[in-house]
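# Analysis of the macromolecular model
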Amino acid sequence: MKRLLLIALLLIVGCSQKSVDKTTGASQEPALTIDRIVSQPSITGTAPSSPSWSADSRQLAFLWNDSGLPRREIWVVGGDGSGLRQLTSEIEGTGGVNLFVWTPDAADLIYLRSGDIWRVSFANGDGERLTETGGDKSNLAVSPDGRYASFLQDGDLWLFHLGTSSLTRGTEVGVPSISSVPLGRYNRPDVEIGPYVWGGPTYAWSPDSRTIAVHYVDRRNMRTVPFPYYLGKETLVNNLRRGYPGDPNEHRTIGFYGVESGDLTLLDLPGPTANRVVAFSWSPNGTLLLDRESDTAVDRWLHTVDPVDGRMQEIWHDRRETRVYTSIASAWHSDGERVVFLSDLGDRYGLYLLTPGDGTPNLLTNGSFDVTGEPLIASPASMIFFQSNEPSPYERQVFRIPDEGGTATRVTTLPGQHRPYPSPDGTRVALLHNSDLSPPELYLVDTRNDLPESRITMSPTPEFMRRSWVRARYTTFPSRIDDYTLHARILEPAHLKTGKRYPVVFGPAYSNTVRNRWAGTIGLLHQLLVERGYIVIQVDVRGSTGYGRAFREEFLMDFGGRDIDDLESAVNYLSTLPYVDPERVGIWGSSYGGTLTIYSLFKKPGLYKAGVAGAAAVDPYFFGTDDVAIARRPQSHPEAFARGAAQYAGNLEDHLLIIHGMQDDVVPFKTTVVLAEELMRLGKDFDFAFAPGATHGWTRPTHYARYLFGKLVAHFDRYLEPGSQ
């Protein structure tokens, strides 16, 4: 549930009802409309993605479309920022490039297009199609010796010999999904080499190309849950493997596949249905580092594994009962003997250096700020690159530090969010950067000088550049229930009229929303609401990262609790502003943001005049098996499962709109139906809009976006009246 922050919000691809024809005074551009926000080419352009360096650190390849259309091709640029060019071209009858990888000699790039493997020459762009088998191929890689291209398909690992063009199904473990409708997060093969439902590793080549470590998942032990599907000729019962808190989770383990022998050896990991594999990676000498965590997030283990005999050695174990969802990672140190790992051992997430056999890891990073990404090791430079929220919880900047520890050096200068991709030799870093007013773009920075980032791509359309966008302001205010200082991100009309009081919309409510970042279509929705006369606010409620461990972990088993008090504290703050009308405040969100909306209206009647709850999780018994990280299990913590929303339904007195996708397998549609039944039984007035074929994101395809976000904005317009005093 909480894990769905990015998944649930970034899937939203639409906004308001068709707005009236009017002109914005500042830019003389037509007001934003639904149709413009969801149409192609996108007003924000198509963001570059998947930067990847050649092994010699001289060239950078990435995916992009410079016309704003959704299909991407491979582009390349020199490490010094020169020579930008499109390497692959659109091929009639095929889609865009899905994935690519360099060959070790940097002569070619191997890529996936329309279910097949292709090769293109870096030097001249000459290309060829290597397979014609089609299908849903993913996780493309090339062996370190350059002999094979590998990929996942139908639950198995496949090998394509680049010299002989022979294709081999390496493993034979894949078992198809029991689902009859190809929709939803839980629509996965019953058995596969691949990730678990919420991500994780897939496979990794050993340095000598003789062995492949694989992640093996078996779901046949899980509960079978029916999801009715109404859009066929007849109603179907679409069964999915989907557990509830307290159920056994997926069976997850690792194995070793011998490239020459074709044998797959699976390890017997302890607690495979209660512990997840976070990651694994090879050392230069062929030892595997295995990172595991309990589904509850209470326990975390690091092991080394010998691929010859499967012998495991525990090198680190940490346990804390108060943990909630974590952000953890690990990597081999430059020396190939020690380990660098990301953990929340202190008040903030930090990078630690561990020598196997030594039980005391050493903190490498600033303990006053959080490291917010995995350690990126540049062995030739003896450097570790990482992302951090220093100097502000709203920012994500990139730093480098000597791999033995020492003073960290800031690599990035632009305000906003930076995702780093260091070159293998550590001399340059590719960056995907975005901020409140800037959609994602690709930059390069040279670590050997003090020059700022150099911009490589220019994605937004001229229309985007002509518009005047409202800049967010960041503020703090006191909690109404304790001593915490709370943080908010606020957008206000550019020209506030003297004496006028404006309505406020909270949302999308969630944790980790107060960030200087481009929020995609949600960002456009914010701008549209401001154009219509709303003030928009987001608050970092309990459970957010950047404010210390205690603030983050107070979310444990307290959903719809002190976090809605944090939102009320923001209402109190806004009420002190002379241009805010505290009688016209609304709130909305999706997934856990929908939960916050429901609980706010049910437990704090009268605080908000209107609310829109999308895909709201209202019954903890129907949470997912991963949600034991925030709710634990009903067998051990029954009090957490007595917090369902229906018991508070009698308090509803404000204007509620519920939105839900009927094929939502993350927060089952059934739970909203049960709540609606209770509201009707109690004689409550509310509105309900559903999307018959939508899953948890509820706005795919585009016609759902137009319809449902039209309902959302119409709901706020009706009850908050942005055009009135």
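As a reminder, the structure under discussion sits directly above these lines.
The paragraphs below set out a description of the structure included in this document. Bear in mind the structure is a predicted one, so any value in this text is a computation, not a measurement. (Residues numbered from 1 in each chain as written. Predicted model: local features only at pLDDT ≥ 70, side-chain atom pairs only at ≥ 80, totals over all residues. Heavy atoms only, no water.)

### A word on the overall build of the protein
Secondary structure assignment for the protein yields 10 helices and 43 strands. Taken over the C-alpha trace, the protein has a radius of gyration of 26 Å; the compact-globule value for 725 residues is 27 Å, and the two agree within 12%. Projected onto its principal axes, the C-alpha coordinates of the protein cover approximately 75 × 60 × 55 Å. A buried classification covers 61% of the 725 residues belonging to the protein. (Helix = DSSP H or I, 4+ residues; strand = E, 2+ residues; numbered from the N terminus. Rg over C-alpha atoms; globule rule 2.2 N^0.38 Å. Buried < 20%, exposed > 50% of the residue type's maximum accessible area, 1.4 Å probe, protein only.)

### What about the side chain of Thr46?
By the secondary structure assignment, Thr46 is in the loop between α2 (34–38) and β1 (49–53). Taking relative accessible area as the criterion, Thr46 reaches 5% and is therefore assigned buried. A polar contact is formed between the side chain of Thr46 and the backbone oxygen of Gly68, at a distance of 3.1 Å. With near-sequence residues (within four places) excluded, Thr46 lies in contact with Trp64, Asn65, Gly68, Leu69, Pro70, Arg72 and Ser459. (Polar contact = N/O pair within 3.5 Å; in protein donor to acceptor, adjacent residues only side chain to side chain. Contact = heavy atoms within 4.5 Å.)

### Section: the side chain of Glu192
With respect to the secondary-structure elements, Glu192 resides in strand β13 (residues 191–193). Residue classification places Glu192 among the buried residues on the basis of a relative accessible area of 4%. Within the structure, the side chain of Glu192 is placed 2.8 Å from the side chain of Arg188, a separation counted as a polar contact. In this view, Glu192 contacts Gly155, His215, Tyr216, Val217 and Arg219; residues no more than four positions away in its chain are not counted.

### Focus: helix α7 (residues 592–603)
For an α-helix, 3.6 residues make a turn, and residues three or four places apart therefore share a direction. With 12 residues, α7 extends 16 Å between its outermost C-alpha atoms, agreeing within 8% with the 16 Å of an ideal straight helix rising 1.5 Å per residue. What α7 keeps buried is the set Tyr592, Gly593, Gly594, Thr595, Leu596, Thr597, Ile598, Tyr599, Ser600, Leu601 and Phe602. (Expected span 1.5 Å × (residues − 1).)

### Considerations on the sheet that holds strand β32 (residues 417–422)
The sheet built from four strands is open, its strands ordered β32-β33-β34-β35 with antiparallel pairing. What marks the edges here is a single partner per strand, and that holds for β32 and β35 (454–455). Taken together, the two bridges between strand β34 (residues 438–446) and β35 define a ladder with antiparallel strand orientation. The residue of β35 that forms the bridge with Tyr443 is Arg455. (Pairing = 2+ DSSP bridges.)

### Here's the deal with the environment of Asp446
Positionally, Asp446 belongs in strand β34. With 379 residues separating them in the primary sequence, Asp446 and Ser67 have C-alpha atoms 28 Å apart. If we skip the residues at most four places from it in the chain, Asp446 touches Thr427 and Arg428. Separated by 2.8 Å, the side chain of Asp446 and the backbone nitrogen of Arg448 make a polar contact.

### Structural notes on the nonpolar core
Phe506, Ile598, Phe602 and Leu656 are the most contacted members of the largest nonpolar core, which has 72 residues in total. Other than its neighbours up to four places away in sequence, Phe602 contacts Ala645, Tyr648, Ala649, Asn651, Leu652, Leu656, Leu675 and Leu679. (Core = buried A, V, L, I, M, F, W, Y, C linked by side-chain atoms within 4.5 Å.)

### A word on the packing of aromatic side chains
Applying the stated criterion across every chain, the model contains 27 aromatic pairs. Ring centres of Tyr148 and Trp205 lie 6.1 Å apart, and the angle between their planes is 20°; on these two criteria the pair is classed as stacked. Pair noted here: Tyr148 is in strand β10 (residues 148–153) and Trp205 is in strand β14 (residues 203–205), with a separation of 57 residues, a long-range link. An aromatic cluster of at least three residues, connected via ring pairs, comprises Phe62, Trp64 and Trp75. (Phe/Tyr/Trp six-rings, centres within 6.5 Å; stacked < 30°, edge-to-face > 60°.)

### A short note on the sheet that holds strand β5 (residues 97–102)
Judged by pairing direction, the sheet is antiparallel, and its four strands sit side by side in the order β5-β6-β7-β8 without closing on themselves. The sheet is open, and its two borders are formed by β5 and β8 (127–129), each paired with just one other strand. Across the sheet, the mean angle from the axis of one strand to that of its neighbour is 25°, orientation sign disregarded. Taken together, the three bridges between strand β7 (residues 116–121) and β8 define a ladder with antiparallel strand orientation. When the bridges of β8 are listed, Val120 appears paired with Gly127. (Axes fitted to C-alpha atoms, helices over the stretch in contact; angles between N-to-C directions.)

### Topic: the packing of helix α6 (residues 562–574) against α7
At a minimum axis distance of 10 Å, the contact between α6 and α7 shows a crossing angle of 75°. Comparing their axes, α7 and α6 come out roughly perpendicular. Residue-level inspection shows Asp563, Ile564 and Leu567 of α6 in contact with α7, the latter providing Tyr592, Leu596, Tyr599, Ser600 and Lys603. When its residues are assigned to classes, the contact of α6 with α7 shows five nonpolar, one polar and two charged. (Parallel < 35°, antiparallel > 145°, perpendicular 65-115°, else oblique. Nonpolar A, V, L, I, M, F, W, Y, C, P; charged D, E, K, R; others polar.)

### Describing helix α10 (residues 702–720)
Over its 19 residues, α10 runs 26 Å from end to end, which matches the ideal 27 Å to within 8%, given 1.5 Å per residue. When we look at burial in α10, the residues that qualify are Tyr704, Ala705, Leu708, Phe709, Gly710, Leu712, Val713, His715, Phe716, Asp717, Tyr719 and Leu720. Where α10 ends, the next residue or the one after it, Glu721, has phi of about 50°, a positive value.

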